Amino acid sequence: MTDNLSLTSAAGNLGIFECPNCRQTIDASATQCRFCSAPIDPVAAEAAADKMARVNQACSDASYLRTAAISILVFLGIMFIPFMTLLGVFGYYFLMFAVPFLAIRWWVKFHGLGAVDPDFKRARLTVIVVSVLCAIPLLRFITSLI
Ligand SMILES: [Zn+2]
């Protein structure tokens, strides 16, 4: 029944999504909700599943970004450990440029998502905080070169 719509979407690429009726997470290939038995429109289900996959991606990318931002402080500390200075300096400057790059990439990829999902909102807040915190030392570094 759902095989008649194979225009652009790869077959078997159906994920999970929230039932519009009862908000339970269900399989997007289902024709009716297994919790509340509401009928599921396969096209809408796939669009919703696609959006949910992107929200999940946005959340995991944001937590990766947060880990990288925290690592900047770790490398900053390593700089002051004898014999580890070079590793600290290398890691610090690498992440100093990698983190803003990842933050910009996150905005480009996910800024249009506009999800009301609380996880997405938290992820977006994480990226905002990381972006602001990283912009300050990066600008100081750039201005010190000029
Ligand atoms: Zn339901």
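Note that the coordinates shown come from a computational prediction; the quantities given were computed from them, not determined experimentally.

Attention now moves to the packing of helix α2 (residues 85-110) against helix α3 (residues 118-145). Here α2 crosses α3 at 135°, and the two axes come no closer than 9 Å. Classed by the angle they form, the pair α2 and α3 counts as oblique. As for how α2 packs across α3, the hand of that crossing is left-handed. Contact with α2, carried on its side by Met96, Val99, Pro100, Ala103 and Trp106, involves Val127, Val130, Ser131, Cys134, Pro137, Leu138 and Phe141 of α3 and no other residues of that element. Considering only residue class, the contact of α2 with α3 consists of eleven nonpolar, one polar and no charged.

In this section: unusual backbone geometry. Residues other than glycine seldom take positive phi values, yet Arg23 does so here, at roughly 70°. Position of Arg23 relative to the elements: it lies in the loop between β1 (16-18) and β2 (25-27). A count of 10 C-beta atoms within 10 Å places Arg23 in the exposed class. The backbone phi angle of Phe83 is positive, close to 70°, even though this residue is not glycine. Among the structural elements, Phe83 can be located in the loop between α1 (42-78) and α2.

About the criteria used
- Residues numbered from 1 in each chain as written.
- Predicted model: local features only at pLDDT ≥ 70, side-chain atom pairs only at ≥ 80, totals over all residues.
- Axes fitted to C-alpha atoms, helices over the stretch in contact; angles between N-to-C directions.
- Helix = DSSP H or I, 4+ residues; strand = E, 2+ residues; numbered from the N terminus.
- Parallel < 35°, antiparallel > 145°, perpendicular 65-115°, else oblique.
- Left-handed = near helix turned anticlockwise from the far one by under 90°.
- Contact = placed C-beta atoms within 7 Å.
- Nonpolar A, V, L, I, M, F, W, Y, C, P; charged D, E, K, R; others polar.
- Buried ≥ 20, exposed ≤ 12 C-beta atoms within 10 Å, placed from the backbone.

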